[in-house]
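Geometric and topological summary
Spelled out, the chains give:
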Number of protein chains: 2
Amino acid sequence: MLLTARDRIQFCRACGAPVVYRIPADDNRERAVCTRCATVWYENPVNVVGTVPVWQDKVLLCKRAIEPRHGFWTLPAGFLELGESAAQGALRETDEEAGAEVDLGPLFSVLDVVRVGQVHLFYLATMRSPELNPGSETLEARLFREDEVPWDEIAFRTVRETLQFFFEDRRRGVFAVHCADIG
Amino acid sequence: MLLTARDRIQFCRACGAPVVYRIPADDNRERAVCTRCATVWYENPVNVVGTVPVWQDKVLLCKRAIEPRHGFWTLPAGFLELGESAAQGALRETDEEAGAEVDLGPLFSVLDVVRVGQVHLFYLATMRSPELNPGSETLEARLFREDEVPWDEIAFRTVRETLQFFFEDRRRGVFAVHCADIG
């Protein structure tokens, strides 16, 4: 979804009156402003949080049962919710999508996806066992050695980049925090 | 602002009809769902992005001209906007609030503020000169040596933690990426 395709706000979520886009007095960009109660509604990027779950020499991927990218493989990840930290959200998604029990490791990648207004955060994670119990958003969850990763069927560029960073760091024997602008 | 004090969505931003909070069929938590067009409206944490601007042995702080925490000192930071990366947003805020020209360094701190639904990202930054030109949100911008920092007048816990991480790392001579849950 391109930024320009985002549905603009039409009505005030507080009072239901129409909004207009204009630059408020103390601001420098257009915002949705209610024509009745004058509330200003801001639109901001959201966070996607996930993990790189590792079991021995293998990485866990999930085959998506939902759009977008149905049938493609992803690291367990999803939108950060109110009431949880980024790390807690990453653990929750790992449980919901793969049913994997993991010990969360350090932050590993921070990836801007400006085009869709998202910042993705992935954490390293060590699986406690190879047992998996995929949820309804996952067709199949599987462990892959590096030479088995289905690179042509990876769902998202942030997942591809994070996997590449992971295998590079594992070869070097040092894990860093990686930042990148995905565009 | 406590999470529980957030104003809930009352009306659909697409069609203006009232919403109700209920758990959608394919979900596991309450969302605002439009009673007319059935659109589901998600509410998610937002990002605050900023810098630790350094000039020689000094750090730049800004005295806030706006609420919350009017008159208290902060690192330059603000809400990430659509259409920019986290690093671009941090640079923009540094320019808007302090008028400082900096070379952006690496990501330095990632701080969850779950209570208010925010994730704060601070980047190290090297000032190109000590020239400052504070904007309308800043009463005063000033460079502080470590022993001059007004610790009792720091605006936000994320700023205090980031400054403490910075001075600790500078003493060690090694800068890492710091993650913390501020509560």
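**Thoughts on unusual backbone geometry**
Residue and element names in this part refer to chain A. Cis geometry marks the peptide bond from Glu67 to Pro68; its omega dihedral reads -5°. Here Pro68 shows up in the loop between β5 (58-64) and β6 (73-74). Unlike most non-glycine residues, Ala38 shows phi in positive territory, near 70°. Within the secondary structure, Ala38 sits in the loop between β2 (31-34) and β3 (40-41).

**Some thoughts on the packing of aromatic side chains**
For the structure shown, the criterion picks out twelve aromatic pairs over all chains. With a centroid separation of 5.0 Å and 85° between ring planes, the pair formed by Trp73 of chain A and Phe144 of chain A is classed as edge-to-face. Within this pair, whereas Trp73 of chain A is found in strand β6, its partner Phe144 of chain A is found in strand β10 (residues 138-144), the two being separated by 71 residues in sequence. One exposure class covers both Trp73 of chain A and Phe144 of chain A, and it is buried. In this structure an aromatic cluster arises from ring pairing among Phe108, Trp151, Phe166, Phe167 and Phe175 of chain A. Lying over the aromatic face of Tyr21 of chain B, Arg8 of chain B brings its terminal NZ or CZ to 3.9 Å of the ring centre.

**Observations regarding helix α2 (residues 157-172) of chain B**
Residue and element names in this part refer to chain B. Here α2 contains 16 residues, and its C-alpha end-to-end distance of 22 Å stays within 8% of the 22 Å for a straight helix at 1.5 Å per residue. Taken together, the buried positions of α2 are occupied by Thr158, Val159, Thr162, Leu163, Phe165, Phe166, Phe167 and Asp169. For α2, the elements touching its buried residues are β4 (46-55), β5 (58-64), β6 (73-74), β8 (102-113), β9 (118-127) and β11 (178-181).

What counts, and at which threshold
- Each chain has its residues counted from 1, following the order in which its sequence is written.
- Lettering of chains starts at A and numbering of ligands starts at 1, both following the order in which they are written.
- The model is predicted, so local features are restricted to residues of pLDDT at least 70 and side-chain atom pairs to those at 80 or more, both for listing and for counting; the totals for chains, interfaces and linings are taken over all residues.
- Excluded from the side-chain calculation are hydrogens and water; included are all heavy atoms of the structure.
- Helical segments are the DSSP runs of H or I of at least four residues, strand segments are the runs of E of at least two, and each set is numbered from the N terminus.
- Only the six-membered ring of Trp is used, alongside the rings of Phe and Tyr, when aromatic pairs are assigned; centres must lie within 6.5 Å, and planes under 30 degrees apart are stacked while those over 60 apart are edge-to-face, with the rest tilted.
- For each residue, the accessible area found with a 1.4 Å probe, counting protein chains only, is set against the maximum for its type, and the residue is called buried under 20%, exposed over 50%, and partly exposed in between.
- Consider the ring centre and the ring normal. A charge sits over the ring if Lys NZ or Arg CZ is within 6 Å of that centre and within 35 degrees of that normal.
- Multiplying one less than the number of residues by 1.5 Å gives the expected span of a helix.
- The contact definition used throughout considers only heavy atoms, calling two residues in contact when any of these lie within 4.5 Å.

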